[in-house]
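Coordinate analysis (summary)
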Amino acid sequence: MALINENYLKLPGSYLFAEIGRRVAAFKSENPSANIIRLGIGDVTRPLPAAVIGALHSAVDEMAREETFRGYGPEQGYAFLSRKIIDFDYAPRGIQLDEDEVFISDGSKSDVGNIQEIFGVDNVVAITDPVYPVYLDSNIMAGRTGSLGEDGRFGRVMYLPCTAENQFIPDLPRQKVDMIYLCCPNNPTGTTLSKAELKKWVDYARANEAIILFDGAYEAYIREDNIPHSIYEIEGAKEVAIEFRSFSKNAGFTGTRCAYTVVPKTVMGKTAGGESYPLNKLWNRRQTTKFNGVPYIIQRGAEAVYTPEGQQQIKALVDYYMTNAKIIVDGLKSAGLEVYGGVNAPYIWLKTPNNMDSWAFFDKLLHEVHIVGTPGTGFGPSGKGYFRLTAFGNRENTQEAIQRIKTKLSI
Ligand code: PLP
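As the structure is a computational prediction, the values presented were derived from the model and not from experiment.

This next bit is on the sheet that holds strand β6 (residues 211–215). The strand order across the open sheet formed by seven strands is β2-β8-β7-β6-β5-β3-β4, and the pairing between neighbours is mixed. If you trace the sheet from one side to the other, it starts and ends with β2 (102–105) and β4 (157–161), each paired once. Taking each pair of neighbouring strands and ignoring which way they run, the sheet shows an average axis angle of 20°. Helix α8 (residues 279–290) rests against β2, β6, β7 (241–246) and β8 (259–262) of the sheet, and its axis sits at about 25° to β2.

Okay, here's the thing in structure tokens:
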């Protein structure tokens, strides 16, 4: 019988969303007429922008004609899209990139999960805590994390707590680490790092020959001036950082699937013998072997994001969610809750009242005001005593939910 990869057995079960589903179903069966509002989802709800829909339709028609039909495309993505990405997302911020430094993909989830494959299994990984669970889980699968301890932490992983006590700004690791995952703006805390704070990380990585895996999936939500939109705005980052971006949250592509990863040719790892090797070459090799590119039709849809209409429409989309975020932040504050995030991100992170356990607060919200959110512990041990709400609902539900919290929740 074939042996299995036993690292998979170390994965914490997909407990969080299963448990949420179970509790909501039980509540519904006892209270069939309750109007439950879900503010826990990390998925968008607004339809794709009209410019994208138009481009998708035309690309479908191209596939119907022999002269314009496309088969396999370049695994790295079509140049028409990588060029636009460079010209619109990087050049205006003074960042120069070559087309072969941008890899178009079917999502940042795939890329942030797969990137660890090009690194040695003995590297020490640092993750901020709480955070998007894919960073940790993909390293558990690869056998890089050691075993789960009784404190709920994996033995070989460096957890970097981000809580109200440190304003959600992780301290630099006390021991040397090799791979650092940063998520800015952050899911779930909705907080982010200023240029000065991010510079400390780039300096650390340069001094310690570490690589930063910088997840900018929520870049479009940045509102404040001193917040970097790309890690490459920091001097020296092109030597030490890989950046992930997605069309999911700025343009509604969660079900359409398109993202990109930037691997500058100057980012180096090394062999056990101490020889430098460009990570760009390794990622290219990985992608060309295991990935066959994003569909032409979808890449044409993503390209339309960069038309004048597309730019205006995605701005309206992000503004819509950020208005929800403001409604949530203001409402929770006026209800007397301690609230973080929601300014440069679509996530609102609240401290549970009276140090209530995250799950106890989940039940309270569900039972008293029929609102579903996400317990903070689902994102890491430091999420204990916190709770996530999202701005991705529709306006009416968001307003109704906040009204209920303000008038009916006993705090
Ligand atoms: N990175 C973070 C921090 C996320 O929260 C998500 C999705 O919620 C992703 C990446 C995945 O994005 P994509 O839809 O591009 O796979």
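It is worth spelling out the pairing of strand β15 (residues 386–390) at this point. Put simply, side chains in a regular strand alternate between the two faces of the sheet. Counting buried positions over the five residues of β15 gives five, a clear majority of the element. Of the two faces of β15, the one carrying Tyr386, Arg388 and Thr390 and the one carrying Phe387 and Leu389 are both buried. Where strand β12 (residues 347–351) lies against β15, five bridges are found, and the strand directions are antiparallel. Note that in β15 the partner of Ile348 across the bridge is Leu389. The pairing of strand β14 (residues 374–375) with β15 spans two bridges and is classified as antiparallel. Counterpart to Pro375 in the pairing with β15 is Phe387.

Another aspect to go through is the environment of Gln96. Note that Gln96 resides in the loop between α3 (79–90) and β2. The exposure class assigned to Gln96 is exposed, which follows from its relative accessible area of 53%.

Looking now at helix α6 (residues 195–208). In a regular helix each residue adds 1.5 Å, so 14 residues correspond to 20 Å; α6 covers 20 Å between its end C-alpha atoms and thus fits that length. Burial in α6 covers these residues: Glu197, Leu198, Trp201, Val202, Tyr204 and Ala205. Viewed end-on, α6 has its buried residues packed into an arc of 155°, placing them on one side of the element. Residues of α6 that are exposed and point more than 90 degrees away from the buried face comprise Ala196 and Ala207. The inward-facing, buried residues of α6 abut β4, β5 (179–183) and β6. Of the residues flanking the end of α6, it is Glu209, one or two places downstream, whose phi is positive at about 50°.

Each value, and the rule that gives it
- Residues numbered from 1 in each chain as written.
- Predicted model: local features only at pLDDT ≥ 70, side-chain atom pairs only at ≥ 80, totals over all residues.
- Heavy atoms only, no water.
- Pairing = 2+ DSSP bridges.
- Helix = DSSP H or I, 4+ residues; strand = E, 2+ residues; numbered from the N terminus.
- Axes fitted to C-alpha atoms, helices over the stretch in contact; angles between N-to-C directions.
- Contact = heavy atoms within 4.5 Å.
- Buried < 20%, exposed > 50% of the residue type's maximum accessible area, 1.4 Å probe, protein only.
- Expected span 1.5 Å × (residues − 1).
- Arc of directions from axis to C-beta.

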